[in-house]
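Below, each chain spelled out in residue letters.
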Amino acid sequence: MDDVTLDDLPLAEALRGKTPYGAPQLDVAVRLNTNENPYPPPPELVADVVAATERVARELHRYPDRDAVELRTDLAAYLSGATGVPLTTRNLWAANGSNEVLQQLLQAFGGPGRTALGFEPSYSMHPILASGTRTEWLPAPRRDDFTLDVDVAVAAIRRHDPDVVFVTSPNNPTGCSIPLTDLRTVLDAARGVVVVDEAYAEFSRQPSAVKLLAEFPAKLIVSRTMSKAFAFAGGRLGYLAAAPAVVDALQLVRLPYHLSALTQAAARAALKHGEQTLASVATLVSERDRVVASLRDLGFQPVDSDANFVLFGHFEDAPAAWRSYVDAGVLIRDVGIPGHLRVTIGTPEENDAFLAASKEAV
Ligand code: PMP
């Protein structure tokens, strides 16, 4: 069986020659490569997750609530509180990580004969999800300093008239956010839907795009996740806020019972402790600013970040530099931007280990 290779399979044309997405999972002491929250959940949260999943375990012979109404209601309460924008259950949708939310969006609004446009470098799953849904991907450039030039963005949107526009704010892997005034200009220019990927919103100084939902109900979709600030990456819970009609559209493409009863219960238990979990955001933001300043002192050129990671250079040979960090016991990310590497902000001790390795890498 092992002698059959991918080339022997009748693989879809769009997938030929592709490599799977994913950072190397290496057993290294300091792991700063996937933008997680470095602080594990507190014992009270763990106890609540255990109690909640035990309760649903008794009902595992039944399918879960297909519409995850209670979870969406809790998410609406959290997001309303965080943004000051009134939202109800009908504005919220949830799935297994925001990657699944984004995939469902492309299933509903992209597809064969349709296009999706994004401003690169950005989150590399966007073009992969486009390819997986047979949506044509249209890359548009950012400025050399990685910020979004709104005039260039509008020109690209006018030229291509995409069905879906992705704006990642704060942008992964560069860390910069888009101000709401610029986002409004992008929304005015777009005919199709504009998906603002706010996976790192809790770390940002900018207000959430949720504030523009009432103004652009037929266009704006804001995607969020519990994987980053909420310290729930292993729980797999992403969500979005949009007009109820967008949620109706996603119900046409979602798999029935896509969110397990265990996931729904665990996410609700974690949300109950949101305030406590999110207290780590302030520490991470001040650590981020310390890491940026220290990298600058060491002679690196870090990109100013609004998220829980920092893109920095300049390396003659970034892949070789990445290897030297691994050899020093620090796993960071080579995101394929020449001369640059990306580090996730960890605990103060982890950041010290990263900075010590950086001193060697100079
Ligand atoms: N959007 C962005 C910008 C991300 O960086 C990530 C995680 N790397 C995601 C979405 C997806 O995260 P998840 O599926 O864990 O919600």
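Residues numbered from 1 in each chain as written. Predicted model: local features only at pLDDT ≥ 70, side-chain atom pairs only at ≥ 80, totals over all residues. Heavy atoms only, no water.

Under an unreviewed UniProt entry, the name given to the protein chain is Histidinol-phosphate aminotransferase, and the source organism is Haloechinothrix salitolerans. Per UniProt, the protein chain has the following entry under Subunit (unreviewed entry): "Homodimer." Of the comments in the UniProt record for the protein chain, the one headed Cofactor (unreviewed entry) reads "pyridoxal 5'-phosphate". (UniProt positions renumbered as here; feature names shortened; annotations may be inferred.)

> I tried to follow the packing of helix α10 (residues 280-297) against helix α12 (residues 348-361) on my own but got confused; where do I start?
Think of two packed helices as two axes; the pair is described by the angle between the axes and how far apart they sit. Where α10 contacts α12, the axes come no closer than 11 Å and their chain directions differ by 10 degrees. When the interaxial angle is binned, α10 and α12 end up roughly parallel. Contacts between α10 and α12 involve Glu 287, Arg 290, Val 291, Ser 294 and Leu 295 from the former and Pro 348, Asn 351, Asp 352, Phe 354, Leu 355 and Ser 358 from the latter. Across the contact of α10 with α12, the residue classes tally to five nonpolar, three polar and three charged. (Axes fitted to C-alpha atoms, helices over the stretch in contact; angles between N-to-C directions. Helix = DSSP H or I, 4+ residues; strand = E, 2+ residues; numbered from the N terminus. Parallel < 35°, antiparallel > 145°, perpendicular 65-115°, else oblique. Contact = heavy atoms within 4.5 Å. Nonpolar A, V, L, I, M, F, W, Y, C, P; charged D, E, K, R; others polar.)

> Can you walk me through the packing of aromatic side chains in this structure?
How two aromatic rings sit relative to each other is given by the distance of their centres and the angle of their planes. Throughout the structure, instances matching the rule amount to 11 aromatic pairs. Centre to centre, the rings of Tyr 200 and Phe 309 are 4.9 Å apart; their planes meet at 80 degrees, and the pair counts as edge-to-face. In this pair, Tyr 200 is assigned in the loop between β6 (193-197) and β7 (220-225) and Phe 309 in strand β10 (residues 309-313), connecting sequence segments 109 residues apart. Comparing Tyr 200 with Phe 309 shows no difference in burial state: the two are buried. Ring geometry for Phe 300 and Phe 312: centres 5.6 Å apart, planes at 85 degrees, overall edge-to-face. Placement of the pair is Phe 300 in the loop between α10 and β9 (301-302) and Phe 312 in strand β10, with a sequence separation of 12 residues. Just as Phe 300 is buried, Phe 312 falls in that class too. (Phe/Tyr/Trp six-rings, centres within 6.5 Å; stacked < 30°, edge-to-face > 60°. Buried < 20%, exposed > 50% of the residue type's maximum accessible area, 1.4 Å probe, protein only.)

> Please explain the site of the ligand as it appears in this structure.
Near the ligand there are 13 residues, and of these Ser 98, Asp 197, Tyr 200, Thr 225 and Ser 227 occur at the shortest range. Interatomic distance of 2.7 Å between a side-chain N/O atom of Tyr 200 and an oxygen atom of the ligand. One of the side-chain N or O atoms of Thr 225 is found 2.6 Å from an oxygen atom in the ligand. Contact with the protein chains removes 93% of the 400 Å² of surface that the ligand exposes when unbound. Broken down by element, the shell around the ligand gets its largest block of residues, three residues, from helix α3 (residues 97-109). (Near = heavy atom within 4 Å. Polar contact = N/O pair within 3.5 Å; in protein donor to acceptor, adjacent residues only side chain to side chain. Areas by Shrake-Rupley, 256 points an atom, 1.4 Å probe, with all protein chains shown as cover.)

> Where do I start with the UniProt feature "modified residue: N6-(pyridoxal phosphate)lysine" (unreviewed entry) in the protein chain in this structure?
Look at the UniProt record and you will see "modified residue: N6-(pyridoxal phosphate)lysine" (unreviewed entry) annotated at Lys 228. Among the structural elements, Lys 228 can be located in the loop between β7 and β8 (238-241). For Lys 228, the residues in contact, after removing those within four places along its chain, are Thr 34, Asn 35, Asn 37, Ala 199, Tyr 200 and Phe 203.

> Teacher, can you tell me more about α10 here?
Since the α-helix advances by 3.6 residues per turn, residues separated by three or four positions end up pointing in the same direction. Here α10 spans 26 Å end to end across 18 residues, near enough to the 26 Å set by a 1.5 Å rise per residue. The complete set of buried residues in α10 reads Ser 280, Val 281, Leu 284, Glu 287, Arg 288, Val 291, Val 292 and Leu 295. Along α10, the residues classed as buried sweep out an arc of 145 degrees about the axis, all on the same side. Seen from the buried face of α10, the exposed residues on the opposite side, beyond 90 degrees, are Ala 282 and Asp 297. Structurally, α10 contributes buried residues whose contacts are with α9 (274-278), β9, β10 and α12. Backbone geometry just downstream of α10 places Gly 299 in the positive-phi region, at approximately 100 degrees. (Expected span 1.5 Å × (residues − 1). Arc of directions from axis to C-beta.)

> Sorry, what's going on with the pattern of salt bridges here?
Working definition: two side chains of opposite charge can pair if their charged atoms are close together. Summed over all chains, the structure comprises 17 salt bridges. The shortest N-O distance in the salt bridge between Arg 224 and Glu 198 comes to 2.7 Å. Here the residue Arg 224 occupies a position in strand β7, and Glu 198 occupies one in the loop between β6 and β7, the gap between them amounting to 26 residues. Across this residue pair, the class does not change: Arg 224 and Glu 198 are buried. (Salt bridge = Lys/Arg side-chain N within 4 Å of Asp/Glu carboxyl O.)

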